[in-house]
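Each chain, written out:
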Amino acid sequence: MSAQLPDSSGKYDLGFARWVYENIKGGDKLSMCMQCGACSGSCPIGTEMDNGPRKLFMMVRAGMKDEVFRSNTLWNCTSCYRCTVRCPRGIPVTYVVQGLAAQAAHLGYADEKDTVRFARSFWWSVVQFGRTDERMVTAKYYFSFGLKTGMQKGLENLKIAIGMIRKGRMHLGMPHKIADKKGLRAILEKAAEIEARDKQDGNGL
């Protein structure tokens, strides 16, 4: 578990930036950000984000804890790693965004039911294909709310999907699968064994 967040009743919590540097994977490199905008400019769905990674990092520095954890940038990120590859300072942008999203869910900024549904959909894709397929994960997540809601959510995000296809981030056709399904099963079984042992020993999270 990461260290406890600084407690602040004001809008700006300058201790938040230090907490991110020390507790979020890749956060120690966040101070190197020169606000060039390469990350946001490289994002295939950046126009759908309320802030984008460049502005999000500026908000971290400013101590805008609540605004950072409520930003839809954390949830719209598709982990394509374009921002990380193109950052001139070598900042692992994707890792930082993922880490902030995990903390937002842990701290209750994200709806618990939504995060559980998405986690199950994500894990289903890993088990079935050995990798994540954005189309399958999204479809399973959307339709977990019901047929009508699933269709509605799909239509609402059609523009994003088309943009990802044009950028080469999402392919058309059958889902890609790994070749070594037997090896994957062995890994998953070992992971389940370790998790069960940790829970029995009281070391589970």
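Coordinates for the structure precede this section.
Fair warning: this is a prediction, and the values are worked out from it, not measured in the lab.

So what exactly am I meant to see when it comes to the nonpolar core here?
Note on soluble globular proteins: their nonpolar side chains tend to be buried together. Counting 25 residues, the largest nonpolar core has F16, V20, F57, V60 and L100 as its most contacted members. Elements with a contribution of two residues or more to this core: helix 1 (15-23), helix 3 (53-62), helix 4 (65-70) and helix 7 (93-106). The residues contacting V20, other than those within four sequence positions of it, are G27, L30, V60 and L100. Grouped together as the second largest cluster of nonpolar side chains are five residues, I45, M49, M164 and M170 included.

Mind showing me how you'd approach a nonpolar patch on the surface here?
Together, Y81, V85 and Y95 make up a nonpolar patch on the protein surface, roughly 290 Å² of accessible area in all. Summarising the element assignment, Y95 is placed in helix 7. On the basis of relative accessibility, which here comes to 33%, the residue Y95 falls in the partly exposed class.

Would you take a moment to explain helix 7 for this structure?
Given 3.6 residues to a turn, an α-helix orients residues that are three or four positions apart in the same direction. For helix 7, which comprises 14 residues, the first-to-last C-alpha distance of 20 Å matches the rise-based estimate of 20 Å (1.5 Å per residue) to within 8%. Of all the residues in helix 7, the buried ones are V93, T94, V96, V97, G99, L100, A101, Q103 and A104. Against the buried residues of helix 7 lie helix 1, helix 2 (38-42), helix 3, helix 4, helix 5 (73-76) and helix 6 (82-86).

For this particular structure, what's the right way to read the pattern of salt bridges?
Working definition: two side chains of opposite charge can pair if their charged atoms are close together. Summed over all chains, the structure comprises three salt bridges. Between D133 and R135 there is a salt bridge whose closest N-O contact spans 2.9 Å. Assigned by exposure class, D133 and R135 land together as buried.

What counts and how
- Residues numbered from 1 in each chain as written.
- Predicted model: local features only at pLDDT ≥ 70, side-chain atom pairs only at ≥ 80, totals over all residues.
- Heavy atoms only, no water.
- Core = buried A, V, L, I, M, F, W, Y, C linked by side-chain atoms within 4.5 Å.
- Buried < 20%, exposed > 50% of the residue type's maximum accessible area, 1.4 Å probe, protein only.
- Helix = DSSP H or I, 4+ residues; strand = E, 2+ residues; numbered from the N terminus.
- Contact = heavy atoms within 4.5 Å.
- Patch = residues over 30% accessible without salt bridge, like charges linked within 9 Å, V, L, I, M, F, W, Y side chains within 5 Å.
- Areas by Shrake-Rupley, 256 points an atom, 1.4 Å probe, with all protein chains shown as cover.
- Salt bridge = Lys/Arg side-chain N within 4 Å of Asp/Glu carboxyl O.
- Expected span 1.5 Å × (residues − 1).

The analysis is restricted to geometry; functional conclusions fall outside its scope.
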